[in-house]
Amino acid sequence: MKRERLESKDRLSALPDCILLLILSFLSSERAVQTCILSPRWNHLWKCLPTLRLNSFNFKYFKDFTPLVTLILSLRDNSTALHTLTVYRDGGVQPRLLKRVINYGISHNVQHLDIYVSCNIQHFPRTLFSSHTLTSLKLLHPNFYIIREQFPYSLNLPSLTELHLHAFAFPVGDDGRVEPFSTLHKLNTLIIDDCHLQNLCILSTSLARLTIVTCDNPPDACCEIELSTPNLCIFSFIGSPFHKLYGIKSNLSSIKHIDIDLTLMLNSTKCSLFLLNCLVELVNVKSITVSSPTLQVLSLVDLFKIHLPSLCKMKSLKVKKKQSSFIPDLLVEFLLQNSPSTKVDIID
């Protein structure tokens, strides 16, 4: 019996490296490093991890973040390619450290890069915007003072398929247009969160998923967004309407799934007209998800005089019920006028 207990004492360490590395990949980097004290078998395993997750929230003292990150980068096995790099620093970060971390990731062929730091984008190394291995990029800038960082004028990221941006402004070209994504020929998914959208042009034949999130603060000027996305399949709009999408120019006929969650404003008449114009173009949509405030915005239009030429192929309608808002039955009937057999779900 004693011999059996000894043999089964450390079954975890007996697993092959690939399994142990998979287990460690779910840990933050500082936790993964701590496993080196378990036994000699674990001494150097963390150095071969294909992921680095650097999160200041996992540190008891913020002052420990910089020295430990520096130590991890210096001890990690340089022959191991880096698949995923996450940098989350609550508060400011030393520009020198940020450059070192990003350059390390780019030089090790990182594919997925997530950065959440409060730092001027000028401190980001240029290599970040010219990586040939990067397939997914998430840049989240804490927007404490409603000041949006200026995004680079052009990008050279030929492998990029997913892009998520938060709190950025886009440079305007000589023609007054903003086209920050036209060089991303493989871009499939784009999330624009609380960014300055004035005169924004999204030109992409590869884009299939688009999410636009607006903040609760009114824009400085009326904004117009132009979509030239013939293969767009999924579109989501979340947030306060204001004037951000009133001047949208697009052909939405390619969209199969749409999710709209608007905040009900005191004066949302223009927004309701925009919403109605969008619905008219959804000739091939199969599923619609709307919030109850969105239906209330739509109710500001005199719908009794309108017959929709669209929504004939709709199979699913989901209404997300929110507190202090009701679901107008007439609005649901209005949306179902060309597809009465559509499945309707009310989500509390």
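Preceding this paragraph is the structure being described.
Residues numbered from 1 in each chain as written. Predicted model: local features only at pLDDT ≥ 70, side-chain atom pairs only at ≥ 80, totals over all residues. Heavy atoms only, no water.

K.L.:
What is the right way to read the overall build of the chain from this model?
P.N.:
Across its full length, the chain carries 8 helices and 16 strands. For the chain, contacts bridging at least 24 residues in sequence account for 68% of all contacts bridging at least 6. As presented, the chain carries roughly 17700 Å² of accessible surface, and 55% of it is formed by carbon and sulfur atoms. (Helix = DSSP H or I, 4+ residues; strand = E, 2+ residues; numbered from the N terminus. Contact = heavy atoms within 4.5 Å. Areas by Shrake-Rupley, 256 points an atom, 1.4 Å probe, with all protein chains shown as cover.)

K.L.:
Could you clarify how one ought to interpret the pattern of salt bridges in this entry?
P.N.:
Side chains that carry opposite charge are capable of pairing whenever their charged atoms lie near each other. The tally for this structure, following the rule as stated, stands at 3 salt bridges. We note a salt bridge from K320 to D259, for which the minimum N-O separation is 3.6 Å. A residue pair is termed long-range when its members are at least 10 positions apart, and K320 in strand β15 (residues 316-320) and D259 in strand β13 (residues 257-262) qualify at 61 residues. Among the residues examined, D259 registers a relative accessible area of 21% and is labelled partly exposed. (Salt bridge = Lys/Arg side-chain N within 4 Å of Asp/Glu carboxyl O. Buried < 20%, exposed > 50% of the residue type's maximum accessible area, 1.4 Å probe, protein only.)

K.L.:
What am I meant to see in the packing of helix α4 (residues 65-75) against helix α5 (residues 95-107) here?
P.N.:
A pair of packed helices can be characterised by two numbers: the angle between their axes and the separation between those axes. Closest axis-to-axis distance for the α4/α5 pair is 11 Å, and the angle between their directions is 30 degrees. Taken together, the axes of α4 and α5 lie roughly parallel to each other. As α4 runs across α5, the sense of the crossing is left-handed. Every residue of α5 that contacts α4 at F65, T66, V69, T70, L73 and S74 is listed here: L97, R100, V101 and Y104. (Axes fitted to C-alpha atoms, helices over the stretch in contact; angles between N-to-C directions. Parallel < 35°, antiparallel > 145°, perpendicular 65-115°, else oblique. Left-handed = near helix turned anticlockwise from the far one by under 90°.)

K.L.:
Would you explain the side chain of T51 in this entry?
P.N.:
Note that T51 resides in strand β1 (residues 51-55). T51 gets classed as buried once you look at its relative accessible area, which sits at 8%. Other than its neighbours up to four places away in sequence, T51 contacts S25, S29, L82 and T84.

K.L.:
Where do I start with the sheet that holds strand β16 (residues 343-347) in this structure?
P.N.:
Paired through their backbone hydrogen bonds, the strands of a sheet run either parallel or antiparallel. Spatially, 12 strands are ordered β1-β2-β3-β4-β6-β8-β10-β12-β13-β14-β15-β16 in an open sheet, and the strand pairing comes out parallel. With one partner strand each, in any of the chains shown, β1 and β16 form the two edges of the open sheet. On average, each strand axis in the sheet is inclined to that of its neighbour by 5 degrees, with strand direction left out of account. Strand direction decides the pairing type here: β1 and strand β2 (residues 84-92), joined by 5 bridges, are parallel. Of the residues in β2, the one forming a bridge with L54 is V87. (Pairing = 2+ DSSP bridges.)

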